[in-house]
Amino acid sequence: MLKSDFMSNEEKEYYKDKTMDELKTELFYDNPELFNEIAKERKQGMPKKYKKYVEKFDVNEKLFFFESNLAKQYTGNPRYIYERMLERYPDYKFVWAYNGDKDNIPGDAVVAKRKSKKYYKNLARARVAINNTVFPVWFLRKETFYLQTWHGTPYKLLHWDRESTGRFTSPDFYSKSTRWDCLLSPNNYSTSRFKSAFKYKGEILESGYPANDIFYDKARYEAKRSHIRKLLNIDEDSTVYLYAPTWRDGGHLGGQMFKFDLYLDPVEFMNHAPENSVLLIRTHHMSEEGDELKDLNENVIDVSGWDDAIELMCASDILINDYSSIVFDWYCSKKPVIYYVPDLEAYETTLRGTYFDIRKTNCGVLCKSEEELYDNLDVQNPKFHEEFYNEFCSLHTGHSADQVIDYIFDKTKKDTSIIKRIFRKIKK
């Protein structure tokens with residue numbers, strides 16, 4: 001018999017023999033909270049390796065566990081929280097879930113492949129777990145403080161807000177989101193959207209994004225800009241365009257991968273770009289490249305394999321954006337933006353759906369064809385979009401990483417003392 005107080009006796013009797021797959025179909029979309037309670041009682045989404053290590057080990061009070069973009073990249077807010085932690089708390093133990101070259105990660109962090117034994121062992125022992133997507137475990141142990149940093153201000157509809165398009169969130173994502181102890185938000189607009197999109201009722205910290213701190217530290221920014229340009233063999237006086245399109249829902253290839261469409265001709269782009277220009281093309285980590293990025297000329301560089309978008313933003317002068325949330329991070333730098341949206345009407349309606357009209361709320365010129373894009377490449381005296389900056393970027397001060405770290409320590413110290421008091425009472 002199921003124990004949940006969310007259910008009547010009749011419901012408990014009815015659902016007790018239902019499989020989770022049946023409950024996903026019959027129950028989840030009508031009553032996600034009840035589905036979630038049943039999932040927790042059944043320990044759904046609890047990998048055997050993780051469960052074994054939770055039963056075997058206590059948490060390590062000084063262990064921080066980090067992951068970004070499903071362990072595909074060393075990037076995002078978790079990266080910049082980690083790098084500030086290295087400076088402030090070098091005696092702590094840090095673990096990174098990362099499937100790339102471990103030498104890409106500075107410091108003495110333990111690096112674990114996603115879903116490996118080492119991964120689950122360290123995740124089970126973590127006092128603090130920080131992610132910008134989700135872990136493969138539905139419900140982390142109670143002693144672990146779980147900070148969800150997310151990865152951008154939403155323009156395209158997310159999860160539950162996609163009901164109007166006939167698409168919804170997934171049961172596993174919803175259940176995982178209920179375990180977040182805190183969700184990081186870069187602005188008040190995002191806070192509102194996150195609550196709706198995730199049906200999130202937990203704590204939210206509005207502090208700006210740690211990844212964007214670099215745009216408010218001129219010396220650090222200039223040093224990073226020069227360093228990345230040298231690595232890419234780009235002259236200091238070159239005009240660098242960064243084209244970083246998001247993934248498209250319509251080209252699903254299976255799993256979490258989608259077909260990539262370039263939507264522009266790199267040769268024609270360079271023919272119309274100002275002299276001494278460079279085009280960087282970075283596909284989304286959920287996009288599967290085809291042949292479009294093969295045989296590029298020397299001034300067009302495929303940087304899709306580059307882990308961190310912030311580094312590329314520092315090295316670039318002009319962003320070419322479609323519907324990606326990268327634009328909200330980019331505009332912290334106050335550098336110009338060109339929107340290239342050849343499939344705008346389809347994206348707004350059948351393909352994805354959006355929270356606002358990009359024609360009215362933007363920070364740059366809007367181009368709906370290749371010809372329009374090429375005609376607007378020579379950006380002279382770009383307008384600063386103060387209203388856009390104030391709404392989406394103004395919480396950033398250059399100290400977001402410190403604010404987040406201070407918040408974590410404040411919360412975990414309080415929580416730890418409570419746990420210890422309860423434990424002492426139980427022992428007595």
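Above this text is the structure in question.
Each value, and the rule that gives it
Residues numbered from 1 in each chain as written. Predicted model: local features only at pLDDT ≥ 70, side-chain atom pairs only at ≥ 80, totals over all residues. Heavy atoms only, no water. Helix = DSSP H or I, 4+ residues; strand = E, 2+ residues; numbered from the N terminus. Buried < 20%, exposed > 50% of the residue type's maximum accessible area, 1.4 Å probe, protein only. Polar contact = N/O pair within 3.5 Å; in protein donor to acceptor, adjacent residues only side chain to side chain. Pairing = 2+ DSSP bridges. Axes fitted to C-alpha atoms, helices over the stretch in contact; angles between N-to-C directions. Arc of directions from axis to C-beta. Parallel < 35°, antiparallel > 145°, perpendicular 65-115°, else oblique. Left-handed = near helix turned anticlockwise from the far one by under 90°. Contact = heavy atoms within 4.5 Å. Nonpolar A, V, L, I, M, F, W, Y, C, P; charged D, E, K, R; others polar. 1 Å grid on protein atoms, 1.4 Å probe; cavity = no way out; pocket = protein on both sides within 12 Å on 5 of 7 lines; lining within 4 Å. Points joined across faces, edges and corners; volume = space filled by probe spheres on them. Phe/Tyr/Trp six-rings, centres within 6.5 Å; stacked < 30°, edge-to-face > 60°. Patch = residues over 30% accessible without salt bridge, like charges linked within 9 Å, V, L, I, M, F, W, Y side chains within 5 Å. Areas by Shrake-Rupley, 256 points an atom, 1.4 Å probe, with all protein chains shown as cover. Salt bridge = Lys/Arg side-chain N within 4 Å of Asp/Glu carboxyl O. Lys, Arg positive; Asp, Glu negative; His and termini not counted. Charge placed at Lys NZ, Arg CZ, Asp CG, Glu CD.

Peer 1: Just give me the short version of the environment of Tyr355, but keep the residues and values in it.
Peer 2: Relative to the helices and strands, Tyr355 is located in the loop between α13 (344-351) and β16 (364-367). Owing to a relative accessible area of 14%, Tyr355 belongs among the buried residues under this scheme. The spacing of Tyr355 and Leu158 is 197 residues in sequence and 9.2 Å in space, taken between C-alpha atoms. For Tyr355, the side chain forms a polar contact with the main-chain nitrogen of Leu158, separated by 3.3 Å.

Peer 1: Tell me about the sheet that holds strand β11 (residues 277-281), and please be specific about residues and values.
Peer 2: The six strands are arranged β13-β11-β8-β14-β15-β16 in an open sheet whose pairing can be described as parallel. This sheet does not close on itself; its edge strands, each paired only once, are β13 (300-302) and β16. Across the sheet, the mean angle from the axis of one strand to that of its neighbour is 20°, orientation sign disregarded. The pairing of strand β15 (residues 337-340) with β16 spans four bridges and is parallel. Within the sheet, the bridge partner assigned to Tyr339 lies in β16 and is Leu366.

Peer 1: Can you break down α13 residue by residue, with the values?
Peer 2: Inspection of α13 places Leu344, Tyr347 and Leu351 among the buried residues, and these make up the whole buried set. For α13, the angular spread of buried residues about the axis comes to 120°, placing them on one side. Gly353, located one to two residues past α13, shows a positive phi value of around 95°.

Peer 1: Which residues make up the packing of helix α4 (residues 48-56) against helix α6 (residues 117-125), and what are the values?
Peer 2: The geometry of α4 relative to α6 is characterised by a closest axis approach of 8 Å and an angle of 40° between their N-to-C directions. The angle between α4 and α6 falls in the class oblique. Read as a crossing pair, α4 and α6 show a hand that is right-handed. Along its contact with α4, which presents Lys49, Tyr50, Tyr53 and Val54, the element α6 presents Lys117, Tyr120, Lys121, Leu123 and Ala124. Among the residues making up the contact of α4 with α6, the classes are represented as six nonpolar, no polar and three charged.

Peer 1: How would you explain the pairing of strand β5 (residues 145-148) if you had to name every residue and give the values?
Peer 2: Alternating residues of β5 divide into Phe145 and Leu147 and Tyr146 and Gln148, and every residue in both groups is buried. As paired strands, strand β4 (residues 126-131) and β5 are joined by four bridges and run parallel to one another. Along β5, the bridge assignment pairs Ile130 with Leu147. Bridge count for β5 against strand β6 (residues 182-185) is two bridges, and the pairing is parallel. In the strand pairing of β6, Gln148 is matched with Leu183.

Peer 1: Please give an account of empty space enclosed by the protein that cites residues and values.
Peer 2: This structure, assessed with the given rule, holds two cavities of 30 Å³ or more. Volume-wise, the largest cavity comes out at about 50 Å³. Tyr155, Asn321, Asp322, Tyr323, Ser324, Val327, Phe328, Tyr339, Phe356, Ile358, Thr361 and Phe388 are the residues that line the largest cavity. Residues of the lining of the largest cavity, tallied by class, amount to eight nonpolar, three polar and one charged.

Peer 1: Could you give an account of the packing of aromatic side chains, with specific residues and numbers?
Peer 2: Tallying each qualifying case throughout the model produces 53 aromatic pairs. Consider the rings of Phe64 and Phe66, whose centres lie 6.3 Å apart with planes at 25°: the pair is stacked. Each member of the pair, Phe64 together with Phe66, is buried. An aromatic cluster is present here, built from Tyr155, Tyr189, Tyr323, Phe328, Tyr331, Tyr347, Phe356, Phe384, Phe388, Tyr389 and Phe392 joined pairwise through their rings.

Peer 1: So, a positive patch on the surface: which residues are in play, and what are the values?
Peer 2: Where like charges cluster on the molecular surface, the positive patch consists of Lys49, Lys52, Lys56, Lys93, Lys117 and Lys121. Elements with a minimum of two residues in the positive patch: α4 and α6. Tallying contributions element by element places α4 first for the positive patch, with three residues. Among the structural elements, Lys117 can be located in helix α6.

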